[in-house]
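In case you want the letters, here they are:
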Amino acid sequence: KASYDNYIKMEEMGVHTLPCFHMGDAWEYLDEYMKYSSYVAIGGLSRRDIGKLIYFFDELFERITGSDGKPIIDTHGFSLTSLPLMLKYPWTSVDSSTWVQWAANGLCLLPYSGKQINVSDKSSARKLLDQHFSSVDPITQQFLRNEIEHYGFTPERLMSTYQARWAWNIWAFPYFASTRDKCTEYFRASKGLFD
């Protein structure tokens, strides 16, 4: 209620802001925000169980899509770090620090598959079979090398410096998202078998 009250006060003062509906808020606040704004941020998502997020997002997008399955408002997902959840729902925008966290932990996103690969030369995963660029079979390693080099990087550079992994991930995350089918419609779970 306090967030909603603050939003209304700012609107009345002429300060037009993006309202934020938080996971756990009463749905009536979302309905009220939708009266004032065509773009609503969705917050309270970090450190949540993925099953709870799916349950919440299913309900959220059920409420904000028309009968044609298309969103009637734009949404921004704060701290949405799961690629599958980013791509499953018709978000207008999201923000996430996953790319930088992965880089700091020695991981890079492979844009064709959406999978992560550990490349850091300091990682203990180097010694675990199929858990690191250095520990995969030679054919797979050559395939990965070709993919990395195709985009102007080298595995050695990704292994040795987190800044290179940052650069790779800051490019790879949006590239991966752009190559996936655009989620322009949300298919309602509540539709019957023959609807």
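One can find the structure itself at the top, above this paragraph.
This one's a predicted model, so the numbers in the text were calculated from it and none came from an experiment. Numbering of residues starts from 1 in each chain and follows the order in which that chain's sequence is written. Note on the predicted model: pLDDT of at least 70 is required for a residue's local features to be given, and 80 or more for side-chain atom pairs to be given and counted; whole-chain, interface and lining totals, by contrast, use all residues. Side-chain metrics in this entry use all non-hydrogen atoms of the structure; hydrogen atoms and water are not considered.

Visitor: Report on helix α6 (residues 138-150), specifying residues and quantitative values.
Guide: Under the scheme used here, helices are H or I runs from DSSP no shorter than 4 residues and strands are E runs no shorter than 2 residues, and both carry numbers assigned from the N terminus. By definition here, a helix of n residues has an expected span of 1.5 Å times n minus one. For α6, spanning 13 residues, the distance from its first C-alpha to its last is 18 Å, which sits close to the expected 18 Å at 1.5 Å a residue. In what follows, residue pairs with any heavy atoms lying within 4.5 Å of each other are defined as contacts. For α6, the elements touching its buried residues are β5 (107-110), β6 (115-118), α7 (155-160) and α8 (162-179). Capping the start of α6, D137 holds a side-chain oxygen 3.1 Å from the backbone nitrogen of I139, two or three residues further along. One or two positions beyond α6, positive phi appears at G152, with a value near 85°. We define a polar contact as two N or O atoms separated by no more than 3.5 Å, with the added condition that, inside protein, one atom must be a possible hydrogen donor and the other a possible acceptor, whereas residues neighbouring each other in sequence contribute only through side-chain atom pairs.

Visitor: Lay out the packing of aromatic side chains with the relevant residues and their values.
Guide: Only rings of Phe, Tyr and Trp enter the pairing, Trp through its six-membered ring, and a pair is recorded when the two centres are within 6.5 Å. The plane angle decides the type: under 30 degrees is stacked, over 60 is edge-to-face, the rest tilted. Applying the stated criterion across every chain, the model contains 21 aromatic pairs. Both rings, one in Y151 and one in W171, keep their centres 4.5 Å apart while their planes meet at 45°; by these two values the pair is tilted. Here the residue Y151 occupies a position in the loop between α6 and α7, and W171 occupies one in helix α8, the gap between them amounting to 20 residues. Since its relative accessible area comes to 26%, W171 is described here as partly exposed. Ring-pair connections join several aromatic residues into one group, and the members of that group are F21, W27, F56, F57, F61, Y89 and W91. Throughout, exposure labels follow a simple rule: accessible area from a 1.4 Å probe, protein chains only, divided by the maximum for the residue type, with under 20% read as buried, over 50% as exposed, and the rest as partly exposed.

Visitor: Outline the sheet that holds strand β3 (residues 74-77), listing residues and values.
Guide: The parallel open sheet is built from four strands, whose spatial order is β1-β2-β3-β4. Strands with a single pairing partner mark the edges of an open sheet, and in this sheet they are β1 (20-22) and β4 (93-94). Note on pairing: DSSP must find at least two bridges between two strands before they are called paired. One ladder, built from four bridges, connects strand β2 (residues 39-43) with β3; its direction is parallel. Counted as the bridge partner of V40 is T75 from β3. Orientation is described by axes fitted as lines to C-alpha atoms, over the contacting stretch for helices, and by angles from 0 to 180 degrees between their N-to-C directions. Here helix α2 (residues 27-36) sits on the sheet and contacts β1 and β2; the angle it forms with β1, its principal contact strand, is near 165°.

Visitor: Explain unusual backbone geometry residue by residue, including any values.
Guide: Of note in this structure, S79 is not a glycine but carries a positive phi near 55°. With respect to the secondary-structure elements, S79 resides in the loop between β3 and α4 (83-88). The phi dihedral of D130 falls on the positive side, at around 65°, and the residue is not glycine. Following the sequence through the fold, D130 ends up in the loop between β6 and α6. Of the residues examined, D130 reaches a relative accessible area of 47% and is grouped as partly exposed.

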